[in-house]
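Chain by chain, the residues:
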Amino acid sequence: MPDDQSAILARDAKRLFAGLSSAPAIVLAVSGGPDSIALMWLAARWRRALARGPRLVAVTVDHGLRPEAAREARDVKRLARSLDLPHHTLRWSGPKPGTGLPAAAREARYRLLAQAARKHGATHILTAHTRDDQAETLLMRLLRGSGIAGLSAMARETARDGVWLTRPLLEISKADLIATLKKARIGFADDPTNRDPAFTRPRLRALMPMLAEEGGDARNLARLAARIARANAALEVLVDGAEHYLALKSEDNPRNGFDAAPFAAMPEEIRLRLLKRVIDRTGHEGPAELGKVETLLAAVDEALGKREPKLKQTLAGAVISVGGGRIRIGPAPPRRARSR
Ligand SMILES: Nc1ncnc2c1ncn2[C@@H]1O[C@H](COP(=O)(O)OP(=O)(O)OP(=O)(O)O)[C@@H](O)[C@H]1O
């Protein structure tokens, strides 16, 4: 596709960063790979064109996992300096787990980025997730059998640790970013873990060209994620209404519970989301896994089908009980007290 090969023009980039010009400061998460180097370059160009705008601070996290990472961070610093941007390298110094390393590294990375945002008075952290990442995320979740919320993949903006995590390049292809860098004659690092078949994401990435041949290219997959996200947002509004109707947020709800009859009459998807919301709010061990909430709802339904419904179960640190025509969800006692 010809437009996949074209560099991003300044006027198009302006649209990507729309809504960010009134932020006091912004952290740019720059790994040194092509996507985030392009993010830094595009953001710097956008900022230069503004008379007044946010302070941009580039941050690289060195996970201490690859020997080349320190040099890559220095390369980012050099480029940041040439763009007149301050740059900081943050190191993940904690113990590294034997399994689930990518997830642990991601957790540490976002924690360090959020700390940097707070330190620099930034309201936003920008990451360089692309349309290709979005397609991979959808595919990964599809294969796991995720629900509608999971299949919505990544949103442009999510709140985390008191800052906004913003993904301005979510609709841009990686090929466009590379074309942008080539045109600007800017080099970037190649992270071999992106191709390491020991990890799920690179294995799925390797499947993408085959899927594209069958019409399942990143553009179509990302569009599917956007459509699912739209349906998910509509469902959430319906759940807000149902939550209000059942007065689930009222103060005496944990003690008195809510009326089981109108709850039982609601569609299954709404009931699942209602249970999950209350459990996640009350339980403090959440978020509860969708599969477990599904099992719980089946048990609640079975109990409600009986002449004298009775049920008591614990999930994600919440106790769910059914009795006297009401459903109650309250906090479970702390684990140690429970096992005594
Ligand atoms: N070491 C790093 N330092 C700073 N930012 C990083 C680093 N690694 C990743 N990022 C930021 O996160 C974005 C996504 O990176 P990547 O696709 O590698 O993440 P991931 O491990 O798949 O996890 P997730 O997609 O959930 O962030 C990058 O474009 C970049 O903005």
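Residues numbered from 1 in each chain as written. Predicted model: local features only at pLDDT ≥ 70, side-chain atom pairs only at ≥ 80, totals over all residues.

The protein chain has the name tRNA(Ile)-lysidine synthase in an unreviewed UniProt entry, where Bradyrhizobium septentrionale is given as its organism. As its UniProt record puts it under Subcellular location (unreviewed entry), the protein chain is described as follows: "Cytoplasm". As stated in UniProt under Sequence similarities (unreviewed entry), the record for the protein chain gives "Belongs to the tRNA(Ile)-lysidine synthase family." (UniProt positions renumbered as here; feature names shortened; annotations may be inferred.)

Novice: What is the right way to read the site of the ligand from this model?
Specialist: Near the ligand there are 15 residues, and of these A29, S31, V61, T127 and A128 occur at the shortest range. Of all the elements in the fold, those that place two or more residues in the shell around the ligand are α2 (34–48), β2 (55–62) and α4 (101–119). A per-element tally of the shell around the ligand places α4 first, with three residues. For the shell around the ligand, the class distribution of residues is five nonpolar, five polar and five charged. (Near = placed C-beta within 6 Å. Helix = DSSP H or I, 4+ residues; strand = E, 2+ residues; numbered from the N terminus. Nonpolar A, V, L, I, M, F, W, Y, C, P; charged D, E, K, R; others polar.)

Novice: I'm lost on the sheet that holds strand β8 (residues 311–315) in this one. Help?
Specialist: Working definition: the strands of a sheet are paired by backbone hydrogen bonds and lie parallel or antiparallel to each other. Spatial ordering of the open sheet is given by β7-β10-β9-β8, a layout of four strands whose pairing is antiparallel. Looking at the sheet topology across the chains shown, the edges are occupied by β7 (258–259) and β8. As judged from the two bridges shared by β7 and strand β10 (residues 326–331), these two strands associate in the antiparallel manner. Residue pairing in the sheet places F258 in a bridge with I327 of β10. Strands β8, β9 (318–323) and β10 of the sheet are contacted by helix α12 (residues 268–283), whose axis makes an angle of about 30° with β10. Contacting β8, β9 and β10, helix α13 (residues 290–304) runs over the sheet at an angle of about 175° to β8. (Pairing = 2+ DSSP bridges. Contact = placed C-beta atoms within 7 Å. Axes fitted to C-alpha atoms, helices over the stretch in contact; angles between N-to-C directions.)

Novice: Can you walk me through the packing of helix α9 (residues 218–245) against α12 in this structure?
Specialist: The axes of two packed helices give the description: the angle between them and the distance between them. Two numbers describe how α9 lies on α12: the axes approach to 10 Å, and their chain directions differ by 70°. The angle between the axes of α9 and α12 places the two elements in the roughly perpendicular class. Classified by chirality, the crossing of α12 by α9 is right-handed. Mapping the contact onto sequence places L235, L238, V239, A242 and E243 in α9 and E269, I270, R273, L274 and R277 in α12. Among the residues forming the contact of α9 with α12, the class breakdown is six nonpolar, no polar and four charged. (Parallel < 35°, antiparallel > 145°, perpendicular 65-115°, else oblique. Left-handed = near helix turned anticlockwise from the far one by under 90°.)

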